[in-house]
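# Breakdown of the fold
Here are the chains, one letter per residue:
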Amino acid sequence: MSPPVKARSGHILLDAKRSYRDLVRVYPEIHRRVVEMNRPFVKESEPLLPEILLDENVRDLKGDRKPIGYNRQDAFGLRLIFPIADERRAEFYFTKPARCQEVVQVTEVVSALLRRRGIRHTVEYDRLPLGPPRAVPGAPISPGGFGSA
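Let me begin by describing the structure that accompanies this report. (Residues numbered from 1 in each chain as written. Predicted model: local features only at pLDDT ≥ 70, side-chain atom pairs only at ≥ 80, totals over all residues. Heavy atoms only, no water.)

### A word on the side chain of Glu91
Position of Glu91 relative to the elements: it lies in strand β3 (residues 91-100). Polar side-chain contacts of Glu91 include one of 3.4 Å to the side chain of His11. Excluding anything up to four places from it in sequence, Glu91 contacts His11, Ile12, Leu13, Tyr20, Phe82, Pro83 and Arg127. (Helix = DSSP H or I, 4+ residues; strand = E, 2+ residues; numbered from the N terminus. Polar contact = N/O pair within 3.5 Å; in protein donor to acceptor, adjacent residues only side chain to side chain. Contact = heavy atoms within 4.5 Å.)

Set out below in structure tokens:
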């Protein structure tokens, strides 16, 4: 199946037999790609932050623990998230606030990197549970959602 043109999130789920420790050798390359994609959004006052985050994440991966990823609060920046959802299966995903090509591109590049290293995984897009639409506080919510009478 071919990837979508745009996505809000790109998820990489490692096979059940794999663990976070299997990412130790490839994580620095993944981290470097995320930092490069965020270069326009990095504040000048934080030049060492990406290196510190890389060291912390690699230390966690070596200990077979879930790392913190790259979850900066930049308005339009790319985030690398290691969710808590399923402790039996290592997973991470890339996300941006809006559907875009960059999420698909980085997900496909990292997937190819993992395949070359022999790390079996699956790729899925837009798996984030966004919840039901919300209305303005105090406004009545129509049963059919937006646009229904």
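### Thoughts on the sheet that holds strand β1 (residues 7-14)
Think of a sheet as strands paired side by side through backbone hydrogen bonds, with each pair either parallel or antiparallel. The strand order across the open sheet formed by four strands is β2-β3-β1-β4, and the pairing between neighbours is antiparallel. Each end of this open sheet is capped by a strand with a single partner; those strands are β2 (79-81) and β4 (121-125). Averaged over all adjacent pairs, the angle separating strand axes in this sheet is 20°, with direction ignored. Of the pairings in the sheet, the one linking β2 to β3 comprises three bridges and is antiparallel in character. (Pairing = 2+ DSSP bridges. Axes fitted to C-alpha atoms, helices over the stretch in contact; angles between N-to-C directions.)

### Here's the deal with the packing of helix α1 (residues 27-37) against helix α3 (residues 101-116)
With their axes 11 Å apart at the nearest point, α1 and α3 run at an angle of 160° to one another. Judged on the interaxial angle alone, α3 and α1 are roughly antiparallel. Crossing handedness for the pair α1 and α3: right-handed. In this structure, α1 contributes Glu29, Ile30, Arg33 and Met37 to the contact, and α3 contributes Glu102, Val106, Val109, Val110 and Leu113. Its residues assigned to classes, the contact of α1 with α3 comprises six nonpolar, no polar and three charged. (Parallel < 35°, antiparallel > 145°, perpendicular 65-115°, else oblique. Left-handed = near helix turned anticlockwise from the far one by under 90°. Nonpolar A, V, L, I, M, F, W, Y, C, P; charged D, E, K, R; others polar.)

### Description of the pairing of β3
The buried fraction of β3 amounts to seven of the 10 residues, a majority that puts the element mostly inside the structure. By the bridge criterion, six bridges tie β1 to β3 in an arrangement that is antiparallel. Bridging across to β3, Leu13 finds its partner in Glu91. (Buried < 20%, exposed > 50% of the residue type's maximum accessible area, 1.4 Å probe, protein only.)

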